[in-house]
Amino acid sequence: MNLVRPADAVVVALAALLIGAAWASLWSRGGPAEFAEITTSPASSGGPVVLDLGRDATVEVAGRMGPSRIEVRDGRARFADSPCVGRLCVHAGWLSRSGQVAACLPNGVILEVTGGDREFDAISF
Amino acid sequence: MATENSMPSASESLGRDDRLIAGFAALAIAIHILEAAFPSPLPGVKPGLANVVTVVVLLRYGWYTAAWVAALRVLAGSLLVGTFLSPTFIMSASGAVAALLALWLARALAGRWLGALGYSVCAALAHMGTQLVVAWQLFIPHPALLNLAPFLLTAALVFGIVSGVIAATVLAKLDAGPEPARA
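Definitions and limits used
Residues numbered from 1 in each chain as written. Chains lettered and ligands numbered in written order. Predicted model: local features only at pLDDT ≥ 70, side-chain atom pairs only at ≥ 80, totals over all residues. Heavy atoms only, no water. Helix = DSSP H or I, 4+ residues; strand = E, 2+ residues; numbered from the N terminus. Buried < 20%, exposed > 50% of the residue type's maximum accessible area, 1.4 Å probe, protein only. Contact = heavy atoms within 4.5 Å. Areas by Shrake-Rupley, 256 points an atom, 1.4 Å probe, with all protein chains shown as cover. Pairing = 2+ DSSP bridges. Axes fitted to C-alpha atoms, helices over the stretch in contact; angles between N-to-C directions. Parallel < 35°, antiparallel > 145°, perpendicular 65-115°, else oblique. Left-handed = near helix turned anticlockwise from the far one by under 90°. Phe/Tyr/Trp six-rings, centres within 6.5 Å; stacked < 30°, edge-to-face > 60°. Lys NZ or Arg CZ within 6 Å of the ring centre and 35° of its normal. Buried area = accessible area lost by both parts, 1.4 Å probe. Salt bridge = Lys/Arg side-chain N within 4 Å of Asp/Glu carboxyl O. Polar contact = N/O pair within 3.5 Å; in protein donor to acceptor, adjacent residues only side chain to side chain.

Turning our attention to the overall build of chain B. Helix and strand content of chain B: six helices and zero strands. Starting at the N terminus and walking to the C terminus, you meet the elements of chain B as α-α-α-α-α-α. Residues classed as buried in chain B amount to 42% of the 183 residues present. Across chain B, every contact between residues at least 6 apart in sequence was considered, and the portion connecting residues at least 24 apart equals 69%. Carbon and sulfur atoms form 74% of the exposed surface of chain B, whose accessible area is close to 9400 Å².

Set out below in structure tokens:
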């Protein structure tokens with residue numbers, strides 16, 4: 001009798017798959033985001049701009065210093081350009097996981113992706 | 001164990017079964033207590049080598065005998081270690097019951113193909129999974145406890161494989177051994 005039969009290998013593989021799924025579901029960070037929410041300070045009339053991440057778009061949001069260009073593509077959102085000095089918001093790159101935030105503080109524009117499962121309720125810096 | 005080779009009659013064969021169960025249960029209890037004496041590196045994680053005995057008995061003598069051996073091991077083991085009816089005992093008993101149910105199910109579904117390793121992994125995962133749910137329901141009803149599941153199940157898988165390989169080796173040696181060495 002062989003020590004390990006093919007069915008044993010199948011059982012071990014299935015078990016590993018199950019455990020991998022458990023790791024993925026319980027220890028992975030927030031799920032994919034569904035919306036991008038753009039807040040300006042001072043608050044713009046009509047409240048924050050909400051974009052569906054399912055639809056590619058580029059919008060310009062007026063901030064204190066000028067327009068910030070925000071791009072939505074492939075379920076992600078980013079600052080494509082902003083009139084600030086350091087462009088930290090642009091270097092924050094693409095946001096895709098629910099709860100991620102990028103902000104252009106000099107221009108007073110905050111981009112947050114939300115919806116779906118969030119890793120954190122809020123993030124403070 | 002020479003008495004097991006005596007002439008079988010109706011009552012003798014029943015007695016042989018009883019002796020088998022008692023002998024294997026004693027072996028399992030010894031391993032159980034030996035393991036209890038070793039400090040566990042991590043809370044909730046134990047190699048569970050006593051399950052080697054359960055799997056070996058299952059494959060050689062069937063589920064009924066294995067269930068007896070496991071039940072006696074949990075009962076007598078807890079009495080000897082001093083955890084009878086304590087939370088530890090409840091955890092141990094629920095895990096053993098789940099492992100036996102898993103073994104029964106595995107045997108019913110895929111008994112023709114499975115070897116010791118497959119049975120051992122099934123039993124280990126059922127054991128750990130049930131213990132986690134019982135601990136969550138009875139002792140620590142906080143959802144964060146379930147976040148330990150992947151970690152504990154990974155440990156269960158590793159130890160299940162180790163136990164399974166040991167059980168398969170033991171079974172191969174028993175099969176190859178001379179007549180008196182069997183049983």
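What follows picks up the thread again.
So, about the overall build of chain A. When helices and strands are tallied, chain A shows two helices and seven strands. Element order for chain A, N to C, with α for helix and β for strand: α-β-β-β-β-β-α-β-β. Out of the 125 residues in chain A, the part that is buried amounts to 31%. In chain A, once contacts between residues fewer than 6 apart in sequence are set aside, the share between residues at least 24 apart is 37%. Accessible surface, chain A: about 7400 Å² in total, of which carbon and sulfur atoms supply 58%.

This brings us to the sheet that holds strand β7 (residues 109-114) of chain A. Strand pairing in a sheet relies on backbone hydrogen bonds, with the paired strands running either antiparallel or parallel. Residue and element names in this part refer to chain A. The four strands are arranged β2-β1-β7-β6 in an open sheet whose pairing can be described as antiparallel. The strands lining the two open edges of the sheet, one partner per strand, are β2 (49-52) and β6 (101-104). Each strand of the sheet is rotated relative to its neighbour by a mean of 15 degrees, with strand direction disregarded. By the bridge criterion, four bridges tie β6 to β7 in an arrangement that is antiparallel. Directly across from C104, in β7, lies its bridge partner V109.

Right, let's get into the side chain of A:N107. One can find A:N107 in the loop between β6 and β7. Setting aside chain neighbours within four positions, we find A:N107 in contact with A:S41, A:G63, A:R64, A:M65, A:G66, A:P67, A:S68, A:S82 and A:P83.

Residues and elements named next belong to chain B. Here helix α2 (residues 50-61) crosses helix α6 (residues 149-176) at 45 degrees, and the two axes come no closer than 9 Å. Taken together, the axes of α2 and α6 lie oblique to each other. In this structure, the crossing between α2 and α6 has a hand that is right-handed. Contact with α2, carried on its side by V52, V55, V56, L59 and R60, involves S163, I166, A167, V170, L171, L174 and D175 of α6 and no other residues of that element.

In total, this model carries two aromatic pairs over all chains according to the counting rule given. On the basis of an interplanar angle of 50 degrees and a centroid distance of 5.8 Å, the ring pair of B:F24 and B:Y61 is categorised as tilted. Note that B:F24 is positioned in helix α1 (residues 10-37) and B:Y61 in helix α2, a separation of 37 residues in sequence. Judged by relative accessible area, B:F24 falls into the buried class, the value being 12%. By relative accessible area, B:Y61 is classed as partly exposed at 22%. When the centroid spacing of 5.1 Å and the interplanar angle of 65 degrees are considered together, the rings of B:F84 and B:F89 count as edge-to-face. The residue whose ring lies beneath A:R76 is A:W94, and the NZ or CZ to ring-centre distance is 4.3 Å.

Here we come to the interface of chain B and chain A. Contact residues are listed per partner, giving 22 residues for chain B and 14 residues for chain A. Carbon and sulfur atoms make up 77% of the surface buried where chain B meets chain A, a total of about 1600 Å² over both sides. Three residues stand out in chain B for area buried against chain A, namely B:L117, B:N147 and B:P150, and they jointly supply 28% of the buried area on that side. At the junction of chain B with chain A, the criterion picks out zero salt bridges. In this structure, the connection of chain B to chain A is made through five residue pairs in polar contact (both at pLDDT 80 or more). Contributions of two or more residues to the side of chain B that touches chain A are made by α5 (116-139) and α6 of chain B. Ranked by residue count, the leading element in the side of chain B that touches chain A is α6(B), at ten residues.

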